[in-house]
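Report on the structure
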Number of protein chains: 6
Amino acid sequence: MVYDRMSDQPAFTSGDTYMRVPRVATPEELLAERPDAVIVGAPLDWATTHRPGARFGPRAIRAASNLRRGAYHLDLQVYPFKELRVVDYGDPEIAPGDIERSHAAVKRHVAEVMAAGAVPVVLGGDHSITYPSASAVAEAIGPGKIGVIHFDAHADTADESWGVALSHGTPMRRLVTSGAVPGTNFVQIGLRGYWPPDDVWRWMREQGMRWHTMEEIERDGLSAVLGRALAEVHEHAEAIYLSVDIDVLDPGFAPGTGTPEPGG
Amino acid sequence: MVYDRMSDQPAFTSGDTYMRVPRVATPEELLAERPDAVIVGAPLDWATTHRPGARFGPRAIRAASNLRRGAYHLDLQVYPFKELRVVDYGDPEIAPGDIERSHAAVKRHVAEVMAAGAVPVVLGGDHSITYPSASAVAEAIGPGKIGVIHFDAHADTADESWGVALSHGTPMRRLVTSGAVPGTNFVQIGLRGYWPPDDVWRWMREQGMRWHTMEEIERDGLSAVLGRALAEVHEHAEAIYLSVDIDVLDPGFAPGTGTPEPGG
Amino acid sequence: MVYDRMSDQPAFTSGDTYMRVPRVATPEELLAERPDAVIVGAPLDWATTHRPGARFGPRAIRAASNLRRGAYHLDLQVYPFKELRVVDYGDPEIAPGDIERSHAAVKRHVAEVMAAGAVPVVLGGDHSITYPSASAVAEAIGPGKIGVIHFDAHADTADESWGVALSHGTPMRRLVTSGAVPGTNFVQIGLRGYWPPDDVWRWMREQGMRWHTMEEIERDGLSAVLGRALAEVHEHAEAIYLSVDIDVLDPGFAPGTGTPEPGG
Amino acid sequence: MVYDRMSDQPAFTSGDTYMRVPRVATPEELLAERPDAVIVGAPLDWATTHRPGARFGPRAIRAASNLRRGAYHLDLQVYPFKELRVVDYGDPEIAPGDIERSHAAVKRHVAEVMAAGAVPVVLGGDHSITYPSASAVAEAIGPGKIGVIHFDAHADTADESWGVALSHGTPMRRLVTSGAVPGTNFVQIGLRGYWPPDDVWRWMREQGMRWHTMEEIERDGLSAVLGRALAEVHEHAEAIYLSVDIDVLDPGFAPGTGTPEPGG
Amino acid sequence: MVYDRMSDQPAFTSGDTYMRVPRVATPEELLAERPDAVIVGAPLDWATTHRPGARFGPRAIRAASNLRRGAYHLDLQVYPFKELRVVDYGDPEIAPGDIERSHAAVKRHVAEVMAAGAVPVVLGGDHSITYPSASAVAEAIGPGKIGVIHFDAHADTADESWGVALSHGTPMRRLVTSGAVPGTNFVQIGLRGYWPPDDVWRWMREQGMRWHTMEEIERDGLSAVLGRALAEVHEHAEAIYLSVDIDVLDPGFAPGTGTPEPGG
Amino acid sequence: MVYDRMSDQPAFTSGDTYMRVPRVATPEELLAERPDAVIVGAPLDWATTHRPGARFGPRAIRAASNLRRGAYHLDLQVYPFKELRVVDYGDPEIAPGDIERSHAAVKRHVAEVMAAGAVPVVLGGDHSITYPSASAVAEAIGPGKIGVIHFDAHADTADESWGVALSHGTPMRRLVTSGAVPGTNFVQIGLRGYWPPDDVWRWMREQGMRWHTMEEIERDGLSAVLGRALAEVHEHAEAIYLSVDIDVLDPGFAPGTGTPEPGG
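Let us look at the structure shown here. As the structure is a computational prediction, the values presented were derived from the model and not from experiment. (Residues numbered from 1 in each chain as written. Chains lettered and ligands numbered in written order. Predicted model: local features only at pLDDT ≥ 70, side-chain atom pairs only at ≥ 80, totals over all residues. Heavy atoms only, no water.)

**A word on the nonpolar core**
To be explicit about the condition: Side-chain atoms within 4.5 Å are what join buried Ala, Val, Leu, Ile, Met, Phe, Trp, Tyr and Cys residues into a set we call a nonpolar core. Relative accessible area decides the class of each residue, using a 1.4 Å probe on protein chains only: under 20% of the type maximum gives buried, over 50% gives exposed, and in between gives partly exposed. In what follows, residue pairs with any heavy atoms lying within 4.5 Å of each other are defined as contacts.
One finds Phe 186 of chain A together with Phe 186 of chain C to be the most contacted residues of the largest nonpolar core, which totals 79 residues. Dropping the residues within four chain positions of it, Phe 186 of chain C is found in contact with Val 148, Met 172, Leu 175, Val 176, Val 181, Met 209 and Arg 210 of chain C.

Structure (structure tokens):
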């Protein structure tokens, strides 16, 4: 019935799909489609400590994606959406203001994509979503088997933010402390500025985490740094989870980001 | 196949539905749903003579509509979407920059809704869309049988705008000259300011068109004027086509309108 | 020490004061100042279900307030800040993303103002703050003794929002169900549009809540309605808590509001 | 002919005169044109005490004016630009940051319009421009002979603003103290809010200034108040200078104003 | 003299020519001025397939140009407007919504500049204007004699956009198929991303068109690529038409562009 | 008393502190704190010749600074605010619209910081503030003893701007002509575009001023240029005054700057 259907998700969730690939609505449809890759939205921002708004991210990315019509990549000379079967699994049933339940919904959604044998592509949302999302992937692949390449201005390895353990400043810490991803399997790229404080750096070193600062990129070039990062992550990991925080870019290129850090 | 599907409409068309009512994609599905009312988008603005952007209107209205969750109207004490079966028939196949083909697509889309026995609700787009949309309704109901109640700051009865016959300044003229709606069947509400010039006023009088200016509304009140308008339109018409140009509101309430006219 | 001091509150909290009244930092200072009225910020928005941003509200209101220099009210012919001793007690120690702890901090802050014998003036923040704030006042005055006059487009009497009990849609429900304010002591002004659904209306009637819709205001005038509201609230209450949701205004006057409702 | 000339291109094309009336560049051209009314820009805002930007006012008003193409007023049934010969005399030679020299330039420009026997229409700019502009008119008409009807949220009768005698808060004071316009010849409409303080009110009363607050307009209606204002100003004045500060409107209708005052 | 004239008022004052060079209104005046270069506006955007607004481009460029007061270039140590006689020929008589008539008007305007023996500098407007503008130049210089250096993120060589042959995605195709500019005479710089599809690439290769991708610029540097481009264009052409689409820049530098393509 | 306190500065001045360091209110408190560095605001923009707004600069910088919580710099591995004692001395008593009095207030404020033996960090405000600020430093250090490293798109060495000697285009000229800083002690970095004209360049050469254009930076790299600049400034100066105009950055990174100059 129409009324029930339209009332089941907050207004900021998306009804559109990424690049107009087909929408799948249920785990059964997902399995039946046998997709190579699956788009998932994670429209939540109540784990941010400064400027919110990322709850509108998945909707905005989906709307903007439509401009990439046809999608033949000129340097690669490939039609990605012809080579791969891609569907959009929509947004999970997040609960505005409730981080734990929203994280659980994201994790369940990503786990269903993994169960369908597809690569999940998660559109955020604040960066706290990496904890449930990468956890679901780690559980599907096997404990300690995935590596994380993490593009960000900040390490996101706080133990808590004003007492909140699941904030946008803590996802990488949670992945380590929960056992989903060992510290040795992390390579961070683009760090700069004034975070984290030295006790967090100490903890990161103790875990065997590795990073490449923006200063290193400016000195040696992006290609060299990417080469090092890939070599490092492959020392320990069988599969790679790629996490991109938009604030790795300079705010001149992404003025809406919540915790802008000049110099990306 | 995914590639074909996603490339068939411009990026500014909508993938979402109004208030999350079900989407129907084909005339067959439309007939099968037996709806009471059908949402149609008309995302075109290349018939405007000043500030464009209304092509994003249907997408923006659909996104904003989701906030009306549940939709129990407190004064009327009714659930409109429980009383009526409503579906969204998406956007017709408009062609950016080609007014004639875009109008033909709008007309066809609305005609299909009429054929399904439902009330069309068209989301614009610039006001030129009233010509194809009301024409489709007039053809379905019968020549001379519909009346038009038209809320607007401007009469939209020019014969042409810089030589363009199908501009956003001409739809009411086209409806009259094409025979779809006789001048006697028009009642305009909210006119004010500096348009149209006196030769257009003369033509309007000759056609038997009627109007109520914003000055009349301020003097006598909106209720009184609405009463007069309804009485007038029912003198000649069996059915009413309601046309609302957002610039009937003062620009303070709709700052994005293309041809703002203070005083609404 | 400088470092500790600057790190104890999120960046969106305020360092400035309302209309440049003196800042007081501790409960002891508050008592010593013997103020008539005390400004309190409640910079939280993680209990919103749509557009966030109200966490910047207290800072923005304080900055804008400075324009009211001198503050002689021309119709009242009075200098409010000469007649009354007003201080700004800053923002409580909210925790971004944690509604319960943030509410507890707001409640404690307002309770301290009540203990100082002053009238609290709380700057939000999303409307969920009315629950802790009015609870603190009710506890200080005595159970069942305060009335609430509530200007809003929405009744804010949901039992939960997507399962969240302390959301911006529930504060008036929580005040009733917690016993802080009986339903008979509520008078709501400005309701309109599509919320709440009929089961919530039924609950409101059962509690003896009263309301005046925007339709009533348009028909009878604001003065008449205010007279009725004051008479009603005084039937049961010894003191009045005034709660204003900015969305009681039409979005044309407050375009940044999170859940805009036309017609205020 | 003026009307034809200004109607030949869309409003968004480039053009720098008000409604595309002819530009005149020198006093000699001005005299030769024998205009009825003359547009003058006064692009200065360095006399503001809060949000600047009004220096872009004349350019923005001229650009926006082009939308009023043809300019037949539907309620008045008149083509103002056919009835009156109007030209645009451009902007005087203001000096950014130097109030005195800029005021002198405005005064000289307006005096030249008066010498041409035309009505000056001055586009601001901050409200300080009323001092040089009305002074030029008063000198041309004769001392004590003009009245000022002044629409504004604020009385603009301060003696100085942070020591600055020619600020946007002082023009009416300067007109009185310089002898250009006696206090008895002022009627102010729309005053509200928190300015001026009581010593300024006292001075205004001593000068015989009169005013009508926004509260009076809300109570008695705009028509009644305008009637009173016109009667009052005609008691003493042979000619009327009309001064409109955009902040007389509620900020909902003019969000860019520099010192917003709700309630207009 | 041009330099003195344009430097006599601040940039924010009103004025409608590029850098305040003299305006010429008729072909006769144009010939009489014997200019070296002539500014032409082409304010049309109804040939765009996504975000419109470029119709305001010529006005905005002219307004912004005033800031370059004096215009002594410090690296070149030259006053361009002293070395060259430059005038502004205004905008042609475009027709909003009618691409063909608007293109014809642009072509006629540019042809008149060529007839005056001057270099046209055309301010857009959407990129479709390159078709009429470069056609006028090609006709004046001689068939096959001009080369086009084209800075853009996109090749703009579609055969049609949703059936529209004169869209902003097709001007380079039209120049080739009309015979105005042979494919061999094109050198494109800055291409990247997801357009055009492979059949269009094939057509471009068949025509002998050449291009330098942004990837090549990042690898070899802009100087090297410009050197190659100039060498290539001079193989076939006697004169060069330079075409710059603002979206060749990253959207961080030109956020208002209609079809943003990251990476410029 | 509250009323007096809140009325003594314009609304756009700051009540907050930079990075929440302690506020000091009087010269006596300043001396007592024995700070290493002192923040000073200079909220004035009435010396600008184009887009104003920088008067809100100090308030905005202070609000944004709070995001740098903790402030451990990851590349330097240092807590600047633990190594140095920093306080915020607020804004001097500027007078909106009066450049001379505002400059005098800035100079006095900076002189008090120098008297306290601390390094002043001045937040602007338009660039005219460098004249009073660097003058105060030069007087404290001794005539001819300081050098100025000046990052800017423009040389700011005009003798006057539309007759105004203390504009944002003249501070470096004033420092030289007043004797505060000899021309030989200036090194400018980042110059580009169309200012100043050649007579000003000639004057700069005569004074022995030195500069490094953006073209030089693009050719040789920032590190090399900074090395040259430091060597040059140390030839003559014992202490360095660092002056940064935000327009040295490309407008893509600082879109609000008043006189944007592409290419930084």
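**Re the sheet that holds strand S7 (residues 239-244) of chain A**
Residue and element names in this part refer to chain A. The condition that has to hold: Strand pairing is assigned whenever DSSP identifies at least 2 bridges connecting the two strands. Secondary structure elements follow DSSP: runs of H or I of four or more residues count as helices, runs of E of two or more count as strands, with numbering from the N terminus. Helix axes use the C-alpha atoms of the stretch in contact, all axes being lines fitted to C-alpha atoms, and the angles between their N-to-C directions lie in the range 0 to 180 degrees.
In spatial order, the strands read S6-S5-S4-S7; together these 4 strands make up an open sheet with parallel pairing. The sheet terminates laterally at strand S6 (210-213) and S7, the two strands that pair on one side only. Between one strand axis and the next, the sheet turns by 15 degrees as a mean value, whatever way the strands run. Sheet topology places strand S5 (residues 186-191) next to S6; 4 bridges connect them, and they run parallel. Across the sheet, the residue bridging to Leu 191 is Thr 213, located in S6. Contacts from helix H6 (residues 130-141) reach strand S4 (146-151) and S7, with the element oriented near 170 degrees to S7. Against the sheet, helix H10 (residues 222-236) contacts S4, S5, S6 and S7, and its axis sits at roughly 175 degrees relative to S6.

**Quick word on the side chain of Ser 133 of chain B**
By the element assignment, Ser 133 of chain B lies in helix H6 (residues 130-141). Those residues in contact with Ser 133 of chain B that sit more than four places away from it in its chain are Val 106, Val 110, Val 122 and Tyr 241 of chain B.

**Quick look at the sheet that holds strand S2 (residues 86-88) of chain A**
Residues and elements named next belong to chain A. With parallel pairing, the 3 strands of this open sheet are ordered in space as S2-S1-S3. The open sheet is flanked by S2 and strand S3 (119-124), the only strands paired with a single partner. Neighbouring strand axes in the sheet, compared pairwise and without regard to direction, differ in orientation by 25 degrees on average. As paired strands, strand S1 (residues 37-42) and S2 are joined by 3 bridges and run parallel to one another. Across the sheet, Val 38 pairs through a bridge with Val 87, a residue of S2. On the sheet, helix H3 (residues 57-65) packs against S1, S2 and S3 and is oriented at approximately 110 degrees with respect to S3.

**As for the packing of helix H5 (residues 99-115) of chain E against helix H6 (residues 130-141) of chain E**
Residue and element names in this part refer to chain E. To be explicit about the condition: We call a crossing left-handed when the near helix sits turned anticlockwise from the far one by less than a right angle, and right-handed when that turn is clockwise. Note on residue categories: nonpolar means Ala, Val, Leu, Ile, Met, Phe, Trp, Tyr, Cys or Pro, charged means Asp, Glu, Lys or Arg, and polar means any other residue, Gly included.
Running from amino to carboxyl end, H5 crosses H6 at an angle of 35 degrees, the nearest separation of the two axes being 8 Å. Note that H5 runs across H6; the crossing there is right-handed. Contacts between H5 and H6 pair His 103, Val 106, Lys 107, Val 110, Ala 111 and Met 114 from the former with Tyr 131, Pro 132, Ser 133, Ser 135, Ala 136, Val 137, Glu 139, Ala 140 and Ile 141 from the latter. By residue class, the composition of the contact of H5 with H6 is 10 nonpolar, 3 polar and 2 charged.

**Some details on the pattern of salt bridges**
Any two side chains of opposite charge can pair, so long as their charged atoms come close to each other. Quick reminder of the rule: Salt bridges are identified by distance alone: a Lys or Arg side-chain nitrogen within 4 Å of an Asp or Glu carboxyl oxygen.
A complete count under the given rule lists 75 salt bridges over all chains for this structure. The shortest N-O distance in the salt bridge between Asp 159 of chain C and Arg 173 of chain C comes to 3.6 Å. Of this pair, Asp 159 of chain C sits in the loop between strand S4 (146-151) and helix H7 (171-177) while Arg 173 of chain C sits in helix H7, placing them 14 residues apart in sequence. Residue classification places Asp 159 of chain C among the partly exposed positions, given a relative accessible area of 40%. With its nearest N and O atoms 2.8 Å apart, the salt bridge here joins Arg 55 of chain D to Asp 45 of chain D. One end of the pair, Arg 55 of chain D, is in the loop between strand S1 (37-42) and helix H3 (57-65); the other, Asp 45 of chain D, is in the loop between S1 and H3, with 10 residues separating them in the sequence. Classification of Arg 55 of chain D as buried rests on a relative accessible area of 1%. Classification of Asp 45 of chain D as buried rests on a relative accessible area of 1%. Three or more residues are tied together by salt bridges with common partners; here these are Arg 23, Arg 62, Asp 88 and Asp 91 of chain A.

**So, the environment of Ala 25 of chain A**
Residue and element names in this part refer to chain A. Within the element layout of this structure, Ala 25 appears in the loop between helix H1 (2-6) and helix H2 (27-33). Residue classification places Ala 25 among the exposed positions, given a relative accessible area of 57%. With 65 residues separating them along the chain, Ala 25 and Gly 90 place their C-alpha atoms 7.2 Å apart.

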